[in-house]
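Here is how the chains run, residue by residue.
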Amino acid sequence: MYVQWKKIHRSGMRRAQEEYLPLLKRTRLYRGYCSNVVPGPLQTREYALALMHHITRFQETPDDVEAAVEARLARSELLYDGEHRYAFLVEETILRYRLGGRAAMRSQLEALLAVMKLPRVSLGVIPFTAERDIWPLEAFVIFDDKRVMTESLSAAVNITAPGEVASYDKAFRMLTRIAVYGDHARTLIRLAIAALE
């Protein structure tokens, strides 16, 4: 289903954040790829505030950003729940895009280093220098191999057709192969922190 953001956010962003929670609670394997911003479940308060303020201004929708951020942070608690597994892939560019100023970015990057220690969370970074067999894509999330959500500038798209879900699964697997993990990923994050000086 294709739904415009202006419709989703017609009363602000809080409701949309809260409505997303039941899906996350049902999902046992969450796989997310982001090429433009830090994935929602990994965002810090300051980063999410900056991002959501930008979105609200751009969309010209009601400003309930403070409440929306609280709802987004509540969803992040599932990272610590043993019933859920997370696999995140991010392009190295998101480590360098500055949202919320230097202090907010430093805090966000340090939070990524911390989340890498969680036993049910995998974080891969696709380096600038990776030899690619797949181009950078729009951000998307795969929920238990049954549903995909992807976002464009103007709308959210929810996909349940098995053939289309399989295409996103294939893309995620291809992106996984060119990502780096562990110490190599931590090095890229630390270099991005150093670049903030």
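One can find the structure itself at the top, above this paragraph.
Quick summary incoming for the structure in this document. Note that the coordinates shown come from a computational prediction; the quantities given were computed from them, not determined experimentally. (Residues numbered from 1 in each chain as written. Predicted model: local features only at pLDDT ≥ 70, side-chain atom pairs only at ≥ 80, totals over all residues. Heavy atoms only, no water.)

Re the sheet that holds strand β1 (residues 2–4)
- With respect to topology, seven strands assemble into an open sheet ordered β1-β7-β6-β5-β2-β3-β4, the strand pairing being mixed. Every interior strand has two partners, whereas the edge strands, β1 and β4 (121–126), have only one. Strand-to-strand twist of the sheet, defined as the mean angle between neighbouring strand axes without regard to direction, takes the value 15°.
- Both strand β2 (residues 29–34) and strand β5 (residues 140–143) contribute to a ladder of four bridges, which runs antiparallel. Of the residues in β5, the one forming a bridge with Tyr-33 is Phe-140. (Pairing = 2+ DSSP bridges. Helix = DSSP H or I, 4+ residues; strand = E, 2+ residues; numbered from the N terminus. Axes fitted to C-alpha atoms, helices over the stretch in contact; angles between N-to-C directions.)

As for the nonpolar core
- The biggest cluster of nonpolar side chains holds 39 residues, and the ones touching the most others in it are Leu-95, Leu-109 and Ile-189.
- Apart from residues no more than four positions distant in its own chain, Ile-189 is found in contact with Leu-95, Leu-109, Leu-112, Leu-113, Met-116 and Leu-123.
- Counting residues in hydrophobic clusters, the runner-up holds 19 residues, among them Tyr-33, Ile-134, Val-148 and Ile-159. (Core = buried A, V, L, I, M, F, W, Y, C linked by side-chain atoms within 4.5 Å. Buried < 20%, exposed > 50% of the residue type's maximum accessible area, 1.4 Å probe, protein only. Contact = heavy atoms within 4.5 Å.)

Comments concerning the pattern of salt bridges
- Inspection of every chain in the model, using the stated rule, returns 11 salt bridges.
- Across the pair Arg-14 and Glu-18 runs a salt bridge whose closest N-O atoms are separated by 2.5 Å. Taken as a pair, Arg-14 and Glu-18 lie in helix α2 (residues 14–26) at a separation of four residues, close to a single helical turn.
- Using a relative accessible area of 39% as the deciding quantity, one classes Glu-18 as partly exposed.
- Put simply, Arg-31, Asp-145, Asp-169 and Arg-173 are held in one network by salt bridges that share partners. (Salt bridge = Lys/Arg side-chain N within 4 Å of Asp/Glu carboxyl O.)

Points about the side chain of Ser-35
- Within the element layout of this structure, Ser-35 appears in the loop between β2 and α3 (45–59).
- Judged by relative accessible area, which is 17%, Ser-35 ranks as buried.
- Within polar-contact distance, the side chain of Ser-35 engages the backbone oxygen of Leu-137 at 2.7 Å.
- Among all residues touching Ser-35, those that are not within four sequence positions of it are Glu-91, Thr-93, Ile-94, Tyr-97, Leu-137, Glu-138 and Ala-139. (Polar contact = N/O pair within 3.5 Å; in protein donor to acceptor, adjacent residues only side chain to side chain.)

Details of the pairing of β5
- In β5, alternate side chains face the same way, and those of Phe-140 and Ile-142 on one face and Val-141 and Phe-143 on the other are all buried.
- Pairing analysis gives four bridges linking β5 to strand β6 (residues 147–151), with the strands arranged antiparallel. Residue Phe-140 lies in a different strand from β6, and its bridge partner there is Thr-150.
- In this antiparallel pair of consecutive strands, β5 and β6, the connection spans three residues, and Asp-144 shows a positive phi of 50°.

Quick word on helix α4 (residues 65–75)
- Taken together, the buried positions of α4 are Val-65, Ala-68, Val-69, Ala-71, Arg-72, Leu-73 and Arg-75.
- Looking at the buried side of α4, the elements it contacts are α2 and α3.

A short note on the packing of α3 against α4
- Remark: α3 packs on α4, axes separated minimally by 9 Å, with the N-to-C direction vectors making an angle of 130°. As judged from the angle between their axes, α3 and α4 are oblique. Judged by the twist between their axes, the crossing of α3 over α4 is right-handed. For the pair α3 and α4, the contacting residues are Arg-45, Ala-48, Leu-49, Leu-51, Met-52, His-53 and Thr-56 in the first and Val-65, Glu-66, Ala-68, Val-69, Glu-70, Arg-72 and Leu-73 in the second.
- The residue makeup of the contact of α3 with α4, split by class, is eight nonpolar, two polar and four charged. (Parallel < 35°, antiparallel > 145°, perpendicular 65-115°, else oblique. Left-handed = near helix turned anticlockwise from the far one by under 90°. Nonpolar A, V, L, I, M, F, W, Y, C, P; charged D, E, K, R; others polar.)

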